[in-house]
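# Structural overview for review
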Amino acid sequence: MARVVVVGSINMDLVTLAPRFALPGETILGDRFLTVHGGKGANQAVAAARLGADVALIGAVGDDVFGTQLHDGLTHEGVSTEHVARIANGSSGTASITVAEGENHIIVVPGANAQVMPAQIERAQSTLASADAILVQMEIPLESVEATLRIGQRLGKPVILNPAPAQKLPMEWLKLARYLTPNQHELAILLGADASEDFHALMQRAPAPVVLTRGGEGAWYRESGEPVHQPGFEVKVVDTTGAGDTFNAALAVFLHEGLPTAVRKACAAAALSVTRLGAQGGMPTRTELDAFL
Ligand code: RIB
């Protein structure tokens, strides 16, 4: 069983389903509202656990009602919460999500996620040392993203950096990642490049191997030489929220089977995840993934 440690955000997702997106200044009627568990870190942890990995999450929630629900949800999914801090007088992270026209718009308010500092990650060193793969995203302070990369390097553990939401990062940090897993838009921002630049060229320029996600088209990966294409799997799309998180989790879980196999399984898991509503709603179990493949 793979052991995956995730460092990242935990949010309550406030999801509105609407026939279309509202324009600035406009009010429209939506179809449905739901409150579901999310946050890139928590999503990746839950997806990895459903795929059969032994998973620990390093993160934080507030001491509000959402915090209790999010904490209990992680425990219920079998994710170790030993390193999930409860921030006194703090609010849990939230994401206001509108799903319309097969797309989503997301606004994240970090709340307790902003309190995930390097010292907390250092304290979890023995947990990180037990990992086969470490996953980190960018909804926590950037200094903590850096700390995760440096600790991973020190411990000789592969760190997968999912640079979302994207920001430009120092090349020196990126070199510490075993894999970078952006989409095309995120890769351009990460490297401070022009968004119109060919993604093959951007992949060649990145200072660490890139596994680039392309939605329904699948993924491209490159360790050395030319980028290789893994086509996507055709499914009926209900909600794409959390597809990237499922992809990253599967990549980490199956990395020991070699990159081509891990990317293929990650594309399949991500495809399954978009067939149901909510970031965590569609994340497949190992049995579901095996049956689909
Ligand atoms: O990647 C999807 C996630 O992004 C959502 O669950 C939301 O919480 C935001 O963090």
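Fair warning: this is a prediction, and the values are worked out from it, not measured in the lab.

Tallying each qualifying case throughout the model produces 12 salt bridges. Notably, a salt bridge pairs Arg150 with Glu146, separated by 2.8 Å at the nearest N-O pair. One end of the pair, Arg150, and the other, Glu146, are both in helix H5 (residues 142-155), four residues apart, so they sit about a helical turn from each other. Relative accessible area serves as the criterion here: at 32%, Arg150 is assigned to the partly exposed category. Its salt-bridge partner being Lys265, residue Glu257 comes within 2.9 Å of it at the nearest N-O pair. A relative accessible area of 14% places Lys265 in the buried class. Counted as one network, the salt bridges with shared partners bring together Glu146, Arg150 and Glu172.

To continue, consider the environment of Thr68. With respect to the helices, strands and loops of the structure, Thr68 is situated in helix H2 (residues 65-76). The class for Thr68 is partly exposed, based on a relative accessible area of 35%. Separated by 24 residues in sequence, Thr68 and Ser92 have C-alpha atoms that sit 9.4 Å apart.

Okay, the pairing of strand S6 (residues 93-100) next. Looking along a regular strand, one sees the side chains alternate between the two faces of the sheet. Most of S6 is tucked away, with six of its eight residues classed as buried. In the sheet, strand S2 (residues 11-17) pairs with S6 via seven bridges, with the strands oriented parallel. Paired with Asn11 across the bridge in S6 is Gly93. Where S6 and strand S7 (residues 103-109) come together, seven bridges link them in antiparallel fashion.

Looking now at helix H1 (residues 40-50). Most of H1 sits inside the fold, with nine of its 11 residues counted as buried. Along H1, the positions that sit buried rather than exposed are Gly41, Ala42, Asn43, Gln44, Ala45, Val46, Ala47, Ala48 and Ala49. For H1, the secondary structure elements touched by its buried residues are strand S1 (3-7), strand S3 (32-38), strand S4 (54-62), H2, strand S8 (133-136) and helix H9 (243-254). At the C-terminal side of H1, Gly52 shows a positive phi close to 100 degrees.

Bringing the sheet that holds S2 into the picture now. Strand order in the open sheet made by the four strands is S3-S2-S6-S7, with mixed pairing throughout. Each edge of the open sheet is held by one strand with a lone partner, namely S3 and S7. Strand after strand, the sheet turns through a mean of 20 degrees between neighbouring axes, direction not considered.

Residues in close proximity to the ligand total 13 residues, the closest being Asp13, Gly39, Lys40, Glu139 and Asp245. One of the side-chain nitrogen or oxygen atoms of Asp13 is found 2.6 Å away from an oxygen atom of the ligand. With respect to the ligand, the side chain of Glu139 contributes an N or O atom lying 2.6 Å from an oxygen atom. Bound to the protein, the ligand loses 96% of the 280 Å² it would expose on its own. Put simply, the parts of the chain that give the shell around the ligand at least two residues each are S2 and H1. The class makeup of the residues in the shell around the ligand is three nonpolar, six polar and four charged.

Contact pair H1 / H9: the axes reach a minimum separation of 8 Å and the direction vectors enclose 50 degrees. Classified by the interaxial angle, the pair formed by H1 and H9 is oblique. Considering only the axes of H1 and H9, their crossing is right-handed. Here Lys40, Asn43, Gln44, Ala47 and Ala48 of H1 come into contact with H9, specifically with Asp245, Thr246, Asn248, Ala249 and Val253.

Put simply, the largest pocket is a space of about 1100 Å³. Lining the largest pocket are 43 residues, and of these Asn183, Thr240, Gly242, Ala243 and Gly244 sit closest to its centre. Elements with a minimum of two residues in the lining of the largest pocket: S2, H1, S6, S7, helix H7 (184-191), H9 and helix H10 (259-273). Broken down by element, the lining of the largest pocket gets its largest block of residues, five residues, from H9. Here the lining of the largest pocket is built from residues that sort into 16 nonpolar, 19 polar and eight charged.

Each value, and the rule that gives it
Residues numbered from 1 in each chain as written. Predicted model: local features only at pLDDT ≥ 70, side-chain atom pairs only at ≥ 80, totals over all residues. Heavy atoms only, no water. Salt bridge = Lys/Arg side-chain N within 4 Å of Asp/Glu carboxyl O. Helix = DSSP H or I, 4+ residues; strand = E, 2+ residues; numbered from the N terminus. Buried < 20%, exposed > 50% of the residue type's maximum accessible area, 1.4 Å probe, protein only. Pairing = 2+ DSSP bridges. Contact = heavy atoms within 4.5 Å. Axes fitted to C-alpha atoms, helices over the stretch in contact; angles between N-to-C directions. Near = heavy atom within 4 Å. Polar contact = N/O pair within 3.5 Å; in protein donor to acceptor, adjacent residues only side chain to side chain. Areas by Shrake-Rupley, 256 points an atom, 1.4 Å probe, with all protein chains shown as cover. Nonpolar A, V, L, I, M, F, W, Y, C, P; charged D, E, K, R; others polar. Parallel < 35°, antiparallel > 145°, perpendicular 65-115°, else oblique. Left-handed = near helix turned anticlockwise from the far one by under 90°. 1 Å grid on protein atoms, 1.4 Å probe; cavity = no way out; pocket = protein on both sides within 12 Å on 5 of 7 lines; lining within 4 Å. Points joined across faces, edges and corners; volume = space filled by probe spheres on them.

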